[in-house]
Amino acid sequence: MIRRFGLSGLVLAAFLSTAAMAAQPILVLQSDFGLLDGAVASMKGVAVGVSPDIHIYDLTHNIEPFNIWQGALRLVQTAEYWPAGTVFVSVVDPGVGTNRKSVVMKSKSGHYFVTPDNGTLTFVSERLGIEAVREIDEAVNRRSNSEKSFTFHGRDVYAYTAARLAAGVITFEQVGRELPSEVVMIPYERARFEDGAVYGNVQTDDGNYGNIWTNVDRATFAKLGAPVGGTVRIQILKSGKEVLNTEVPYVTTFGAVELGKPLLYLNSLDNISLAINQGSFAAKNGIGSGPEWSIRIRR
């Protein structure tokens, strides 16, 4: 039998298809596990065991081991580009098995983050806002027969709870008891304009290229009044001790300077960055990143 759809039927079919896609559970995984063993695959297996309909994606599993700061950054760089309702699992957990809390944070943007509360939520809590925080009740939300395992909460607690939440097996309220709407924060220098200078934090480098990314946003940098094509003076410090003091041109793209020359530009997150055209700014100048690294910019 051939079914015929009029225009209204096609519109309805398209609507139902879109609604079904929107309702598909999405799980995004991040860890410092790497891919040399079965750790990540076992987390995915647990999630699929909860529901084979879950769509599982990898954010990254190449976080530097134990680097909570880096894990926090990777979350904020990507989370807002995923639809509301997406459940993120982030496992960078040097305190696994200790008394740090295992939580699910719901952001005001409607995203969920399942992770140890150890600083991993620093940046997403600031950027997306905190709607609510709940502590995972492991008496209910823990993989069966894993009670004697204390060193792989990523598999036994986080992936399991996140999959149940994403698939609708549990509601957010069933994760566990509600906590105050706050999370553990890593202290760092906030971006600001003060006394004729811009201050901020050296957050990370961009991996393959060695460009230095800061938390100084376009609006804050604009208060300096530096024209495109002009030169600014930058000072980079580690724990208050000067590591670099130099002048660089402020331009819009790498090709605006000669090969091997430094530049200051706005990166894809609309924050100030430092680079060398087809070179590594970080390697050449011995610049690292993290909460102890800061930057000053003056005209």
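We now turn to the structure provided with this report. (Residues numbered from 1 in each chain as written. Predicted model: local features only at pLDDT ≥ 70, side-chain atom pairs only at ≥ 80, totals over all residues. Heavy atoms only, no water.)

**A short note on the sheet that holds strand S4 (residues 102–107)**
Line of reasoning, step 1. Here we have seven strands laid out as an open sheet, ordered S2-S1-S3-S5-S4-S6-S7, and mixed in their pairing. The open sheet terminates on both sides in strands that have one partner only, identified here as strand S2 (55–60) and strand S7 (178–179).
Line of reasoning, step 2. As judged from the five bridges shared by strand S1 (residues 26–31) and strand S3 (residues 87–91), these two strands associate in the parallel manner. Paired with Leu 29 across the bridge in S3 is Val 89.
Line of reasoning, step 3. Across the sheet, helix H5 (residues 153–166) lies against S1, S3, S4 and strand S5 (112–116), angled at about 175 degrees from S3, the strand it touches most. (Pairing = 2+ DSSP bridges. Helix = DSSP H or I, 4+ residues; strand = E, 2+ residues; numbered from the N terminus. Contact = heavy atoms within 4.5 Å. Axes fitted to C-alpha atoms, helices over the stretch in contact; angles between N-to-C directions.)

**Focus on helix H2 (residues 39–50)**
Line of reasoning, step 1. When the terminal C-alpha atoms of H2 are compared, their 17 Å separation across twelve residues agrees well with the 16 Å that a helix rising 1.5 Å per residue should span.
Line of reasoning, step 2. Of all the positions in H2, only Ala 39, Val 40, Met 43, Val 46 and Ala 47 are classed as buried. Along the long axis of H2, the arc covered by the buried residues comes to 120 degrees, so they all point the same way. Along H2, exposed side chains directed more than 90 degrees from the buried face belong to Ala 41 and Gly 49. (Expected span 1.5 Å × (residues − 1). Buried < 20%, exposed > 50% of the residue type's maximum accessible area, 1.4 Å probe, protein only. Arc of directions from axis to C-beta.)

**Some details on H5**
Line of reasoning, step 1. The largest bend in H5 amounts to roughly 30 degrees and is located at Ala 159.
Line of reasoning, step 2. With 13 of its 14 residues buried, H5 lies for the most part within the structure.
Line of reasoning, step 3. Once H5 ends, the next one or two residues include Gly 168, with phi positive near 80 degrees. (Bend = angle between axes of the 7 residues up to and from the residue.)

**A look at the environment of Ile 212**
Line of reasoning, step 1. Tracing the backbone shows Ile 212 in strand S10 (residues 212–217).
Line of reasoning, step 2. Placed 76 residues apart in sequence, Ile 212 and Gly 288 show a C-alpha to C-alpha distance of 8.4 Å.
Line of reasoning, step 3. The residues contacting Ile 212, other than those within four sequence positions of it, are Val 202, Thr 204, Asp 205, Ile 272, Ser 273, Leu 274, Phe 281, Ala 282 and Ile 287.

Everything listed here is a matter of geometry and, on its own, says nothing about what the molecule does.
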